[in-house]
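What follows is each chain in one-letter form.
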Amino acid sequence: MASAEGGKSFARRDRLLEIEATVRKWWGETDIFKAESLEAPPSPGEKFFGNFPFPYMNGFLHLGHAFSLSKLEFASAYHRLRGANVLLPFAFHCTGMPIKASADKLSREIQKFGNPPIFHNDIEDSINGLELEKEDTENGGNQNLPDKFKGKKSKAISKSSGEKSQWEILRSYGLSDSDIPKFQDPYYWLTYFPPLAVEDLKAFGLSCDWRRTFITTDMNPFFDSFVRWQMRKLKKMGKIVKDLRYTIYSPLDGQPCADHDRASGEGVQPQDYTLIKMEVVPPFPPKFKPLEGKKVFLAAATLRPETMYGQTNSWVLPEGKYGAFEINDTDVFVLTARAALNLAYQRLSRVPEKPTCLVEMSGYDLIGLRLKSPLSFNEIIYSLPMLTVLTDKGTGIVTSVPSDSPDDFMALHDLKVKPALRAKFGVRDEWVLPFEVIPIINIPEFGDKSAEKVCQDLKIKSQNDKEKLAEAKRLTYLRGFTEGMMLVGEFAGMKVQEAKNLIRNKLLELNQAVMYSEPEKKVMSRSGDECVVALTDQWYITYGEPEWREKAEECLAAMNLYSDEARHGFEHTLGWLNQWACSRSFGLGTRLPWDEEFLVESLSDSTIYMAYYTISHLLQRGDMYGSDSSSVRPDQLIDEVWDFVFCGGPYPKSSDISFSLLNKMKQEFEYWYPFDLRTSGKDLIQNHLTFCIYNHTAIFPPHHWPRGFRCNGHIMLNSEKMSKSTGNFRTIRQAIEEFSADATRFSLADSGDGMDDANFVFETANAAILRLTKEISWMQEVLDSDSSLRDGPPSTYADRVFANEINIAVRMTETNYNDFMFREALKTGFYDLQAARDEYRFSCGINGMNRELIYRFMDVQTRLITPICPHYGEYVWREILKKNGFVVKAGWPIAETPDLTLKKANKYLQDSIISMRKLLQKQVSGSKKGNKKGSSILENKPEVGLIYVNERYDGWKEECLSILQNKFNAETRKFAPDGEILEALKESEIGQGGNFKQIQKLCMPFLRFKKDETFVVGPQALDLKLPFGEMEVLQENLEVIKRQLGLDRVEVLSAADPHAFAKAGPYVSLLNQNPPSPGNPTAIFLS
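Quick caveat: nothing in here was measured; it's all calculated off a predicted structure.

**Considering the sheet that holds strand 28 (residues 720–721)**
Remark on secondary structure: sheet strands pair via backbone hydrogen bonds, oriented parallel or antiparallel.
In step 1: Taking strand neighbours across the sheet as the criterion, the three strands line up as 28-27-29 in an open arrangement whose pairing is mixed. Since the sheet does not close on itself, it has two edges, and those belong to strand 28 and strand 29 (758–760), each with one partner.
In step 2: With two bridges connecting them, strand 27 (residues 715–717) and strand 28 associate as antiparallel partners. Along strand 28, the bridge assignment pairs Met716 with Lys721.

**A word on the packing of helix 23 (residues 762–784) against helix 26 (residues 851–865)**
In step 1: Helix 26 packs onto helix 23 with a crossing angle of 150° between their chain directions and a minimal axis gap of 12 Å. Of the possible angle classes, the one that applies to helix 23 and helix 26 is roughly antiparallel. Where helix 23 crosses over helix 26, the two elements pack in a sense that is left-handed. Residues Glu775, Trp778, Met779, Val782 and Leu783 of helix 23 form the contact with helix 26, whose participating residues are Ile854, Tyr855, Phe857, Met858 and Gln861.
In step 2: Taken together, the residues of the contact of helix 23 with helix 26 sort by class into eight nonpolar, one polar and one charged.

**Some details on a nonpolar patch on the surface**
In step 1: A surface patch of nonpolar side chains, amounting to about 300 Å² of accessible area, comprises Phe1015, Val1016 and Val1017.
In step 2: One can find Val1017 in helix 32 (residues 996–1017).

**Quick look at the environment of Gly64**
In step 1: Here Gly64 lies in helix 2 (residues 63–82).
In step 2: Taking the relative accessible area as the measure of exposure, Gly64 reaches 22% and is therefore partly exposed.
In step 3: A sequence separation of 684 residues divides Gly64 from Leu748, and the C-alpha atoms of the two residues are 10.0 Å apart.
In step 4: Each residue touching Gly64, except ones within four places of it in the same chain, is listed here: Ile715 and Met722.

**Concerning empty space enclosed by the protein**
In step 1: Summed over the entire model, instances satisfying the criterion amount to two cavities of 30 Å³ or more.
In step 2: Volume-wise, the largest cavity comes out at about 60 Å³.
In step 3: Contributing to the lining of the largest cavity are Asp978, Ile981, Met1004, Leu1007, Arg1008 and Lys1011.
In step 4: Contributions of two or more residues to the lining of the largest cavity are made by helix 31 (978–987) and helix 32.
In step 5: Among the elements that line the lining of the largest cavity, the one with the most residues is helix 32, at four residues.
In step 6: In terms of residue class, the lining of the largest cavity is built from three nonpolar, no polar and three charged.

**With respect to helix 27 (residues 870–880)**
In step 1: Along helix 27, nine of the 11 residues are buried, which leaves the element largely enclosed by surrounding structure.
In step 2: Those residues of helix 27 lying buried are Pro870, His871, Tyr872, Gly873, Glu874, Tyr875, Val876, Trp877 and Ile880.
In step 3: Downstream of helix 27 by one or two residues, Lys882 has phi in the positive range, about 60°.

**What to know about the sheet that holds strand 26 (residues 709–712)**
In step 1: Taken together, four strands build an open sheet; the order of strands is 4-3-25-26 and the sheet is parallel. Two strands lie at the open edges of the sheet, namely strand 4 (85–87) and strand 26, each paired on one side alone. The mean inter-strand angle of the sheet, taken between neighbouring strand axes irrespective of direction, is 20°.
In step 2: By the bridge criterion, four bridges tie strand 25 (residues 677–681) to strand 26 in an arrangement that is parallel. Within strand 26, the residue paired with Thr679 across the bridge is Arg710.
In step 3: Sitting on the sheet, helix 2 touches strand 3 (47–51), strand 4, strand 25 and strand 26, and the angle it makes with strand 25 is about 155°.

**Overview of the pattern of salt bridges**
In step 1: Enumeration over the complete set of coordinates arrives at 65 salt bridges.
In step 2: Here Lys500 ties to Glu306 by a salt bridge, and the two come within 3.3 Å at their closest N and O atoms. In this pair, Lys500 is assigned in helix 14 (residues 496–509) and Glu306 in the loop between strand 9 (295–302) and strand 10 (313–316), connecting sequence segments 194 residues apart. With respect to class, Lys500 is no different from Glu306; both count as buried.
In step 3: Salt bridges linked by common partners bring Glu36, Asp209, Arg211, Arg212, Lys664 and Glu668 together as one network.

**A few points about helix 26**
In step 1: Compared with an ideal rise of 1.5 Å per residue, which puts 15 residues at 21 Å, helix 26 spans 21 Å between its outermost C-alpha atoms and is within 8% of the ideal.
In step 2: With 12 of 15 residues buried, helix 26 lies mostly within the body of the structure.
In step 3: Among all positions of helix 26, only Arg851, Leu853, Ile854, Phe857, Met858, Asp859, Val860, Gln861, Thr862, Arg863, Leu864 and Ile865 are buried.
In step 4: Taken together, the buried residues of helix 26 touch helix 2, helix 23, helix 24 (797–818), helix 25 (822–844) and helix 27.
In step 5: The N-terminus of helix 26 is capped by Asn850, whose side-chain oxygen sits 3.1 Å from the backbone nitrogen of Glu852.

**Here's the deal with the side chain of Gln166**
In step 1: Residue placement: Gln166 occurs in helix 6 (residues 166–172).
In step 2: Apart from the residues lying within four places of it in its own chain, the contact partners of Gln166 are Ser102, Lys105, Leu106, Glu109 and Trp189.

**Observations concerning the layout of surface pockets**
In step 1: Its volume calculated, the second largest pocket comes out at about 1200 Å³.
In step 2: Lining of the second largest pocket is provided by 34 residues; of these, Tyr908, Pro1078, Gly1079, Asn1080 and Pro1081 occupy positions nearest its centre.
In step 3: The set of elements that each furnish at least two residues to the lining of the second largest pocket consists of helix 28 (900–929), helix 32, helix 35 (1068–1073) and strand 34 (1082–1086).
In step 4: The element that contributes the greatest number of residues to the lining of the second largest pocket is helix 28, accounting for 10 residues.
In step 5: Taken together, the residues of the lining of the second largest pocket break down into 17 nonpolar, nine polar and eight charged.

Parameters at a glance
Residues numbered from 1 in each chain as written. Predicted model: local features only at pLDDT ≥ 70, side-chain atom pairs only at ≥ 80, totals over all residues. Heavy atoms only, no water. Pairing = 2+ DSSP bridges. Helix = DSSP H or I, 4+ residues; strand = E, 2+ residues; numbered from the N terminus. Axes fitted to C-alpha atoms, helices over the stretch in contact; angles between N-to-C directions. Parallel < 35°, antiparallel > 145°, perpendicular 65-115°, else oblique. Left-handed = near helix turned anticlockwise from the far one by under 90°. Contact = heavy atoms within 4.5 Å. Nonpolar A, V, L, I, M, F, W, Y, C, P; charged D, E, K, R; others polar. Patch = residues over 30% accessible without salt bridge, like charges linked within 9 Å, V, L, I, M, F, W, Y side chains within 5 Å. Areas by Shrake-Rupley, 256 points an atom, 1.4 Å probe, with all protein chains shown as cover. Salt bridge = Lys/Arg side-chain N within 4 Å of Asp/Glu carboxyl O. Buried < 20%, exposed > 50% of the residue type's maximum accessible area, 1.4 Å probe, protein only. 1 Å grid on protein atoms, 1.4 Å probe; cavity = no way out; pocket = protein on both sides within 12 Å on 5 of 7 lines; lining within 4 Å. Points joined across faces, edges and corners; volume = space filled by probe spheres on them. Expected span 1.5 Å × (residues − 1). Polar contact = N/O pair within 3.5 Å; in protein donor to acceptor, adjacent residues only side chain to side chain.

Pasting the structure below:
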């Protein structure tokens, strides 16, 4: 029985859901997607191994996962359909801190608020809930399905940061209050979400070999052994080292915060600064009295230590909040608390990791401080106010070099020329007026006072001209580094880019500066705290090492990436990526085998696991948790076994695993590897996918390196960002329940194929429900009325055109699937093919469609759509077409070489009919207006159509085309300059035959038209006639033309026949006004 809500029937959707359940049962009975290796190595194209980054198991899979996964699914289904041996495995990632952090957060909530927890805003939530209920009742309730899921929030939550409690998040998954407390155990998450994900992916129709599925972490002892082997191998090769390095770090978690550990700030790296120690010269002002006896420094962060010779002052933000923080027993740094926290994690705090503030102060307290700054030619400089100083970047203290910084130059200029500005902040004249610009660097075209010159050139009036100042910096900073020459100091005469590090090292050696690092941008961990940069002594993978990077670049060069944008992304990442912290002390995962205090972090245990897919079923026997050890025990998987299977190592004589099983494992790997394709969101280029390349080149020989990555953008829903907080969100399960699996897949294919963000449109999914169910009904109707079909081989013009369209659809769809252009495959293999069928049905009229062609159409269309809508395809194949076997393995349809000339001829025919119909409608509507005497409109309705055809350009048009043919370069697809074409026209026979101005006026519009047409359709636009006989095409389709135009008689006449014009009677003037030309017949209609 069809369900309905608000008058809307879901019968068609429910019908698809029924079909999908039936088809999945068929697949399950035969284990259709089970992939087995063969003893002989595969020939090119014989096998296809594709995979997808395993999703993280802290919730349900959503349409974002489905979109990237659909690229792999469609590709795998296409190759399976073609007859390839296809392996599509799937696993689940549980490594890292998010699950552990969520479990701990839930535990804290229960401890603090009870079980179930009663939060402080629950009473208000209840009141608001009653108000909402009342509102719904008064409004009669909302009977329509919402476009978005709308969350009900209390006012307290709405006004707050909007962060949900962990209890609320789990409750939103449909969990009961009695079940939620179980999630305090992080390992419970691993038993709950992966099986549900398998259910959802099976319902989605994923053509997966589920025997090979597994989870990560030490909960799976087999995968744990694999990762330990990988880590030991990398360490033995010198690819993992222990080092003291700056890294993004979560103070709350007490460990580095890698990309997958972050709630925001993925891809952000540490930004290194030189911290200049600007000593505060006694006597100290009253605010500084608690600091007596200490060495006090304003700590200014700079990226340009080479410019310190030109300091004239320092800058502070008057309203900024600062503090005096203890660095050691003697030194105190004045800076922001945020910068002090970073320093505390970089071993620059008297109490490690806990900044000690001796005095809090504002920027006003710092104005006028006497400073002695390293390298400055001015013995004493002063601290001055600047309104554009940032306190969320650097230290909030800025050193001023007006010779080379446009910002500094204009700010100092403002203070010098504006006494009122000085008075406002209590700045004395002697702190500003005596200080002049000091030339320190010469830059070609900008001289030795580059900031002053660029500010004058751009007519910058004050420090508030932000856009112009940004442009000034753009013009000078890079050139100052690449082309600048030092004018002063011991490195005078040296290029800036050579002197920079030497000057910085000198400052560090003299203890006049320290190194300082902070995140490039704000980074929030999944535990909810803002990250710092810490100097940590831990284990790193040596990405970026020159020889290793060279091998990674070699691998990348040979890979198919399907877009230039993706390749540029990888090349950029290889350019900057260096040592990566691979160990963590908090979370879930595999222990570092040589230092079990640490875990392998989540981006380091997921780089070569694609190899594990090839043998996981032999080890785990279909149990994703690895709890079945009836085949092999995890402790039997010694390093020699892994080396033998994956790296061509010698037979492991010390192993007690059976000879046959070891060889079967090796056969599986050698057969399936390398993988042919990995699909992923483009955000993983900067970490996971590049790590994958690096690790493969380290561990495997070149013939086992990855062959292809296919990256895509994110997906939007109905042109808006997918977001849980706004309700514009769908899990895979919700999408299937709302649209069915095949309609969801259909809309995913239609969403887009490039690197830009794609758009999943609900309307498209709903339209797919209608299209698929109507097509099933149509095919059933055709087969039920088989006697109405025409017997014999295809013979008519319409038959030839339709057969040709089927051939075109097969060839073009094959190309589109090969190129991973699934939206185009949907267009050519479904939309266009259906349009061709509809046109054919109309063209056949009462004579009926050809049985052979219609049966072929149904067979071909079913195969072409099967990679995208496999349940639909399978049902049609078995239940309607009564075919044997499974359509998913039916083979790609065979097609003859398309006749492109026939396609052009049919387009000519259809375009001509459309044009004639418009002309006829215009003529009929015109006769209606002129029908003043009230005579019947039917009496004036045209009954005869005369179609005049001119199949060849002649006369002056022929001459023009000849000129254009001679002036067109087919290789460059460009014409000679217009002047040259005009000169050729002047020298031609028609140009010499009369008034050239009149000739030019006649010919130029035609020449322009033909040039434009050439750029669109190619050089055939310059041919004197079309590649087919126009009169022949029209004559052969007189019945179709008559039927489509509603005429009793149609004649096709040649414009070259002098007697033909007489038939036009009083309408002959129309022929003179609009003479026919190749491709453009002229029609006249007579009553």
